[in-house]
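Now for the letters of each chain:
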Amino acid sequence: MRRRTTTRKPVLERLVLPDLEEADAAQLSARDRHDGLRLVGADLTGADLTGATFTECEPLDVTAHTTVLQHARSLETRIERLNAPVLDATRSTWRDVELVGSRIGALDVYDAEIRSTRITGTKFDWINLRSSTLEDVLFEDCTIDELDLGAVTASRVAFVNCRAGSVALPHARLEDVDLRGLEMGSIANLEGLAGATLDSAQVTALAPLLAAHLGLRVEG
């Protein structure tokens, strides 16, 4: 069988929402279904939305500090200008989601499932994606201070015009993960890069770290 020589891109379709019902924070509750809602300027600070399902929803200019979204499901949902200094979305599900123009401090998405998701123009202080599954995910014009991809399983993931201050990759399993558009400050666990795509400039910059990792002595 002939091996592929190019990196597969994320497969994404533009999200088109139907007519939505205007809603407010008081209508949301844990372990409940929320379909076809638009929330504008809602304050979800401290809200417990564990296990909630959001389908074809559109939160706009929402504040979600210390909001709990553990085991929550976001499906065919667009989130714009979210302000969340601390957000707990561990073991959550994201499918056909767009996250746009947002500011998130600490985002804990440990052991999550993220598929067919586009994240654009968003700044993060820290993203914990440990043990998560990512498939068909695109980051565009994003800044991430700390990106933890420990034990992640990722396929068809790409970064375009993004920057990460530090990237951790212990036990990562990558396939068709395109890092050419990600400027990386420091990288921990270089062995986790297996399966990623880099450009020649990135490989050159990593050469000293790769040599040290392999125990090579470079002289002359």
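Provided above is the structure to which this section pertains.
What you are looking at is a predicted structure, and each value in this text was computed from that prediction instead of being measured. (Residues numbered from 1 in each chain as written. Predicted model: local features only at pLDDT ≥ 70, side-chain atom pairs only at ≥ 80, totals over all residues. Heavy atoms only, no water.)

Hey, could you run me through the overall build of the chain in this one?
Helix and strand counts for the chain stand at 1 helix and 19 strands. For 220 residues, the compact-globule estimate of 2.2 N^0.38 gives 17 Å, and the C-alpha radius of gyration of the chain, at 18 Å, lies within 12% of that figure. Looking at the chain as a whole, 45% of its 220 residues qualify as buried. Intrachain contacts of the chain at a sequence separation of at least 6 include 9% that bridge at least 24 residues. Roughly 11200 Å² of accessible area belongs to the chain as shown, and the carbon and sulfur atoms make up 49% of that amount. One way to put it: in the chain the 24 positive side-chain charges average out to a point 7 Å from where the 35 negative ones average out. (Helix = DSSP H or I, 4+ residues; strand = E, 2+ residues; numbered from the N terminus. Rg over C-alpha atoms; globule rule 2.2 N^0.38 Å. Buried < 20%, exposed > 50% of the residue type's maximum accessible area, 1.4 Å probe, protein only. Contact = heavy atoms within 4.5 Å. Areas by Shrake-Rupley, 256 points an atom, 1.4 Å probe, with all protein chains shown as cover. Lys, Arg positive; Asp, Glu negative; His and termini not counted. Charge placed at Lys NZ, Arg CZ, Asp CG, Glu CD.)

Help me understand empty space enclosed by the protein, please; the structure alone is not making it clear to me.
To locate leftover empty space, one rolls a probe as large as a water molecule over the atoms. For the coordinates displayed, the defined rule picks out 3 cavities of 30 Å³ or more. Quantified by volume, the largest cavity comes out at close to 320 Å³. Lining the largest cavity are 24 residues, and of these Phe54, Pro59, Leu69, Ser74 and Ile79 sit closest to its centre. Per-element tally for the lining of the largest cavity: the top contributor is strand E7 (residues 73–80), with 4 residues. Across the lining of the largest cavity, the residue classes break down as 18 nonpolar, 5 polar and 1 charged. Its volume calculated, the second largest cavity comes out at about 100 Å³. Around the second largest cavity sit 16 residues that line it, and Leu149, Phe159, Leu174, Val177 and Leu179 are the ones nearest its centre. Of all elements in the fold, only strand E13 (133–140), strand E15 (153–160), strand E17 (173–178) and strand E18 (182–188) reach the threshold of two or more residues within the lining of the second largest cavity. Per element, the largest residue contribution to the lining of the second largest cavity is 3 residues, and it comes from E15. Its residues assigned to classes, the lining of the second largest cavity comprises 16 nonpolar, no polar and no charged. (1 Å grid on protein atoms, 1.4 Å probe; cavity = no way out; pocket = protein on both sides within 12 Å on 5 of 7 lines; lining within 4 Å. Points joined across faces, edges and corners; volume = space filled by probe spheres on them. Nonpolar A, V, L, I, M, F, W, Y, C, P; charged D, E, K, R; others polar.)

Which parts of the structure should I look at to understand the pairing of strand E9 (residues 93–100)?
Successive side chains on a regular strand alternate, one facing one side of the sheet and the next facing the other. Pairing geometry for E7 and E9, over 7 bridges, is parallel. If you follow Arg73 over to E9, its bridge partner there is Thr93. Where E9 lies against strand E11 (residues 113–120), 7 bridges are found, and the strand directions are parallel. Of the residues in E11, the one forming a bridge with Val100 is Thr120. (Pairing = 2+ DSSP bridges.)

So what exactly am I meant to see when it comes to helix H1 (residues 200–214) here?
For the α-helix, the turn length of 3.6 residues means that residues three or four positions removed from each other point alike. Taking the largest bend as the criterion, H1 deviates by roughly 50°, centred on Ala207, and proline Pro208 comes between one and four positions later. Restricting attention to buried positions, one finds in H1 the residues Gln202, Leu206 and Ala211. The elements touched by buried residues of H1 are E18. At the N-terminal boundary of H1, the capping side chain belongs to Asp199, with an oxygen 3.2 Å from the backbone nitrogen of Ala201. (Bend = angle between axes of the 7 residues up to and from the residue. Polar contact = N/O pair within 3.5 Å; in protein donor to acceptor, adjacent residues only side chain to side chain.)

Explain the side chain of Thr117 to me, please; I cannot follow it from the model alone.
Counting through the fold element by element, Thr117 comes out in strand E11. At a separation of 3.0 Å, a polar atom in the side chain of Thr117 contacts the main-chain carbonyl oxygen of Arg115. Setting aside residues no more than four positions away along its own chain, Thr117 makes contact with Leu12, Trp94, Arg95, Asp96, Val97, Asp136, Val137 and Leu138.

Can you help me understand the side chain of Ser74 in this one?
Looking at where Ser74 falls in the secondary structure, it is placed in strand E7. According to the relative accessible area criterion, Ser74 is buried, its value standing at 17%. Setting aside anything within four residues of it in sequence, one finds Ser74 in contact with Phe54, Thr93, Trp94, Arg95 and Val97.

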